Amino acid sequence: DFKITKRFDIKLTNLIVYSPYVSYYNDVVMKSPIVMLPSVGTTVGLTKRFKFNINFGTTWQMGGEALNYTITSGMRMLI
């Protein structure tokens, strides 16, 4: 976690998953059973009670290429 300013945070996450099922019948879905899920999340505190979050992540197989990319956003409000 990195606190850039009082209202701006960045979080880095990397998950490594072992998935032994790499084929579906005779078609190979993934070349490697190890998949990495790195993501970067940024949180901006607009007020004391309201925060806005944007995340960027991907799914990447070891020794291969990126399988997909995701961008998500959300809001959090303290009541």
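See above for the structure.
The rules behind these values
- In this numbering scheme, every chain counts its residues from 1 along its sequence in written order.
- Reporting in this predicted model follows two pLDDT cut-offs: at least 70 for local features of residues, and 80 or more for side-chain atom pairs to be given and counted; totals over whole chains, interfaces and linings ignore these cut-offs and use all residues.
- Only heavy atoms go into the side-chain values, all of them from the structure, while hydrogens and water stay out.
- Per the convention used, a helix needs a DSSP run of H or I reaching at least four residues, while a strand needs a run of E reaching at least two, with both numbered from the N terminus.
- Only protein chains enter the area calculation, which uses a 1.4 Å probe; residues under 20% of their type maximum are buried, those over 50% are exposed, and those in between are partly exposed.
- The method behind every accessible area is Shrake-Rupley, applied with a 1.4 Å probe, and residues are considered shielded solely by the protein chains displayed.
- Distance and chemistry together define a polar contact, namely a pair of N or O atoms within 3.5 Å, with one atom able to donate a hydrogen and the other to accept it when in protein, and with adjacent residues in sequence counting only for side-chain atoms on both sides.
- Working rule for contacts: check all heavy atoms of both residues, and any pair within 4.5 Å makes them a contact.
- At least two DSSP bridges between two strands are required for those strands to pair.

Engineer: Looking at this structure, how should I read the overall build of the chain?
Structural biologist: Counting its secondary structure elements, the chain contains zero helices and seven strands. Counting over 79 residues, the chain shows a buried share of 14%. Carbon and sulfur atoms form 63% of the exposed surface of the chain, whose accessible area is close to 6600 Å².

Engineer: Explanation requested: the side chain of T58 in the structure shown.
Structural biologist: Secondary-structure assignment places T58 in strand β6 (residues 50-61). At 2.7 Å, the side chain of T58 forms a polar contact with the backbone oxygen of N68. Those residues in contact with T58 that sit more than four places away from it in its chain are M36, L37, P38, A66, N68 and Y69.

Engineer: Just to check I follow, could you spell out the side chain of T59 for this structure?
Structural biologist: Within the fold, T59 resides in strand β6. On the accessibility criterion, T59 (17% relative accessible area) is buried. Apart from the residues lying within four places of it in its own chain, the contact partners of T59 are V35, M36, L37, A66, L67 and N68.

Engineer: Just to check I follow, could you spell out the pairing of β6 for this structure?
Structural biologist: Each regular strand displays side chains that alternate between the two surfaces of the sheet. Examined bridge by bridge, strand β5 (residues 34-45) and β6 share nine bridges and lie antiparallel to one another. If you follow V35 over to β6, its bridge partner there is Q61. If you look at the hairpin formed by β5 and β6, you'll find four residues sitting between the two strands. Relative to strand β7 (residues 66-77), β6 runs antiparallel, the two sharing eleven bridges. The residue bridging K51 from the neighbouring strand is R76, located in β7. In sequence, β6 turns back onto β7 through a hairpin of four residues, with G63 there showing a positive phi of about 75°.

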